Every structure is written in structure tokens, then in C-alpha cells.
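One letter stands for each residue in the lines below.
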Amino acid sequence: MIFLSNRKKRERLTAFDCQKEEKEMPLRSLRYFLVAAEEMNFRKAAERLYITQQSLSSSIQKLERQYGAAFFERKPRLILTPAGRSMVEYVRKVLHTEQQLVAALADTSRTSTGSLRVGVTGTRGAVFMPRIWDVYHRQFPNIVVTTVEASTAELDELLRDGKIDLYIGVNVPRHNNMQVLTFMRDRIYCAFSRRFLAKSPPAWREALLDPHGFDLTKIDSMPLITFTHSNGLRYTLERFFEKQDIHPNIIFETSRHDLALNLCRQEHGIGLVYEMILYDALRRPDIANELYAVPVRAELPQKNTELTYRMESFHPRYLQGFIQVAQAVFEQYSKTIGAVIRRAQK
């Protein structure tokens, strides 16, 4: 029997820990390196990774020693070396391959956990994601879905950079390597309470009850409850008002759709909203009995809700499943929204 001194034991444990760390290190260090290369700032990269700047710097130094090359010039400012630029290209391939491996394992076994990164614009996420998730999670309980909420332009850039797997946006840009599915046209409706209609001047009532739809050029001095300037619909309406030299009587601005509809119910004014916002509200009998909704008639740019994803040779089954579930949810919406709206027009 051989007895080791405490010092020898510590040396062997230290060596073992180092070997263990080096076995666990490669993919994590490659991810750290890629984030640093994207940010070109160790502090920002560390914040994005939720680690200390010292840990990030140490990890990259170990990676440089492992491959015998410097990946960054650190002074006078942080830039990639020629080796670093080559490293970025190959690291992206390695991490993409690893993602495909994880996806393949998640497809073949429910004990393996996969991840799906879904981008969605704010309104569509609030209205449709609960329905999509309810169906999808029952079919793919081992898949962790992470949502990213941003504008269509921002989501498109994230998809092209490989930071999300697909997204649902508005009038999605077309690219050669992307597949786009159009789900629906985003129609605009005018919402107001029956009590507001009853106390309105005859000219307002005539315009609001026009069987061909509410002519937006006749909004005149009607009290308008609208959304803040960051809202896409607000931007579209402002361009229309400018073109028609209309100065609407805005009495309230909000970023919240539920608040806008509540103020409309309380006979304060009219609201202009996408029909998807009315979908859940008008399914409630108490709201449907109080709120009137009529289509808006105006020459406005057409807005379509669309889903896009990268065209690749390999798509995990659970990504295809998400697309199919999303299609089914939007088809169900399209079949029922007409009846829901008509109940509020009686």
C-alpha cells in the first residue's frame, strides 16, 4: 500500500481538477470567445454572458494557449487578429453543429432537452403566443422555448446572425436563404362604446355606421384614444393623417391595448386598433355588448403577419412542429375572427 503526503494529494487533486476543467471548457470557451468577438468589448461581453470580466478574459487566454495563437489585439483598442477572424468563422460552424446535435437528440428522446428561440413582435406575442404555447408544449414537453420580443427589423437581423431560430413579424423582409409564410392580413378597426355612439352628433354617427366601413378622412374632431409613438400602427396612422392634412383630436395616448379598449368602453372616445386586439376582448359577452367595432376604410399600407425561418438542410422535428402549430393557431383565428367581430356590430 502506498501512502501519499497531503501535498502530493493536493497536487493530484489539482491536476485532476485541471483535466476535468479542460474537458468541460471547449464549448463554453468557444461561446465566450464568440460573444467577445461580436461585442468587441470585454466588459459588454461579460455582462451579456452574466460572468465577470476577469472570468471572460481568463477563459479566452486559456483558449489562446490551447491553440497557440492570439485571437485579439488588446491595445490600443480591442480588435481581432487574423487568427481571431478565422476562429470566428470556425467557432460559428462548431457551435451550429453542436446545436444540431442537441436538436437531433431532443427529436429522438423526450429525456433530452432541446431549445427553440422564437422572435415575435410585441402585440402578436401577447395575442397568439399563449395559444401556440398551449398546443406546442403538449406535443413537445422537452423543448424549452425562449421568446425574444423586438421589432421586425431587429428580429430579422437576429435570425440572419443565427441568434434566433424563427420569428413572427410584420411584412417580413425577403432573403434568398429564408422561407416566409404569410399568416394573415392585419386589418384596422374602429372601436367605440354604444353609449358614445348614442350621444354623438349625427355626422359622427353616420360616419361610424357607414356600411362600407369607417372612412378615416371623416375622423374630424372625434376624440381619439391612440397609442404612443413607438407603436407601429400609430406610425402608419400618422403618415396617413399627414398626407391627408388631418389633425386628429387626440385625447389619450397609451402603450397598452387593454387600457385603450377600456377607455373606449367608458365612452371617452374612439380607438383605432388591429382586429387581433379585439379578438380576446370581444369573446367576452360583457365587452361585446358594450363595445362596437367597425372596419376602417382608408388607403393604408397593407400589413401582413408572417413567420420566417432559415432554409437549411436540417430542421429538427420540434422546429417544424412549432411552425405547424403556429399555422394551425392562425388558421383558427382567421376562421373565427369574423364571427367575433360581427357580434360587436349588431
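Residues numbered from 1 in each chain as written. Predicted model: local features only at pLDDT ≥ 70, side-chain atom pairs only at ≥ 80, totals over all residues. Heavy atoms only, no water.

Asks: Before we move on, can you summarise the pattern of salt bridges with the specific residues and values?
Replies: Applying the stated criterion across every chain, the model contains 23 salt bridges. Among the salt bridges present, the one from E275 reaches R187, with a minimum N-O distance of 3.5 Å. Here E275, found in helix 11 (residues 275-282), pairs with R187, found in the loop between strand 6 (178-185) and strand 7 (188-193); they are 88 residues apart in sequence, far enough to count as distant. A relative accessible area of 42% places R187 in the partly exposed class. Each of E38, E39, R48, R92 and K163 takes part in a single network of salt bridges with overlapping partners. (Salt bridge = Lys/Arg side-chain N within 4 Å of Asp/Glu carboxyl O. Helix = DSSP H or I, 4+ residues; strand = E, 2+ residues; numbered from the N terminus. Buried < 20%, exposed > 50% of the residue type's maximum accessible area, 1.4 Å probe, protein only.)

Asks: Provide a residue-level description of the environment of I323, including the pertinent values.
Replies: Relative to the assigned elements, I323 resides in helix 13 (residues 317-343). The exposure class of I323 is buried, given its relative accessible area of 7%. For the pair I323 and L166, spaced 157 residues apart in sequence, the C-alpha to C-alpha distance is 8.9 Å. With near-sequence residues (within four places) excluded, I323 lies in contact with L166, L181, L307 and Y309. (Contact = heavy atoms within 4.5 Å.)

Asks: Describe the packing of helix 11 against helix 13, and please don't skip the residues or the numbers.
Replies: Relative to each other, helix 11 and helix 13 sit at 70°, their axes nearing to 9 Å. In terms of orientation, helix 11 lies roughly perpendicular with respect to helix 13. Judged by residue contacts, E275, M276, L278, Y279 and L282 of helix 11 engage Q332, Y333, T336, I337, V340, I341 and R343 from helix 13. (Axes fitted to C-alpha atoms, helices over the stretch in contact; angles between N-to-C directions. Parallel < 35°, antiparallel > 145°, perpendicular 65-115°, else oblique.)

Asks: Any chance you could break down helix 6 (residues 152-160) for me, citing the residues and the numbers?
Replies: Those residues of helix 6 lying buried are T152, L155, D156 and L159. Angularly, the buried residues of helix 6 cover 105° about the axis, an arc narrow enough to put them on a single face. Immediately beyond the C-terminal end of helix 6, within one or two residues, lies G162, with a positive phi of roughly 80°. (Arc of directions from axis to C-beta.)

Asks: Lay out the sheet that holds strand 11 (residues 270-274) with the relevant residues and their values.
Replies: Reading across from one edge, 8-12-7-11-9-10 is the order of the six strands in this open sheet, with mixed pairing throughout. With one partner strand each, in any of the chains shown, strand 8 (214-215) and strand 10 (249-254) form the two edges of the open sheet. Pairing of strand 7 with strand 11, which is carried by four bridges, proceeds in the antiparallel orientation. What sits directly across from Y189, in strand 11, is V273. (Pairing = 2+ DSSP bridges.)

Asks: I'd like a rundown of the pairing of strand 7, residues and numbers included.
Replies: Of all six residues that make up strand 7, six are buried, and the element is covered over most of its length. Of the two faces of strand 7, the one holding I188, C190 and F192 and the one holding Y189, A191 and S193 are both buried throughout. Sheet topology places strand 7 next to strand 12 (residues 291-297); five bridges connect them, and they run antiparallel. Following the sheet pairing, F192 is matched in strand 12 by Y292.

Asks: So what about the pairing of strand 5 (residues 166-170)? Which residues, and what values?
Replies: Residues in a regular strand point their side chains to alternate faces of the sheet. With respect to burial, strand 5 is a largely interior element, five of its five residues being buried. A two-sided burial pattern is seen for strand 5, the buried positions comprising L166, I168 and V170 on one face and Y167 and G169 on the other. As defined by bridge partners, strand 5 adjoins strand 13 (residues 304-310) across five bridges and the pair is classed as antiparallel. Looking at strand 13, one finds that I168 is bridged to L307.

Asks: Tell me about the environment of E64, and please be specific about residues and values.
Replies: Considering the arrangement of structural elements, one finds E64 in helix 3 (residues 53-67). Separated by 19 residues in the primary sequence, E64 and A83 place their C-alpha atoms 10.0 Å from one another.

Asks: Which residues make up helix 3, and what are the values?
Replies: Its 15 residues give helix 3 an end-to-end C-alpha distance of 21 Å, which sits within 8% of 21 Å, the value for a rise of 1.5 Å per residue. Along helix 3, the residues that are buried comprise L56, S57, S59, I60, L63 and E64. The buried side chains of helix 3 occupy one side of the element, clustering within an arc of 160° when seen end-on. Among the exposed residues of helix 3, those pointing more than 90 degrees away from its buried face are Q54 and R65. Once helix 3 ends, the next one or two residues include G68, with phi positive near 65°. (Expected span 1.5 Å × (residues − 1).)

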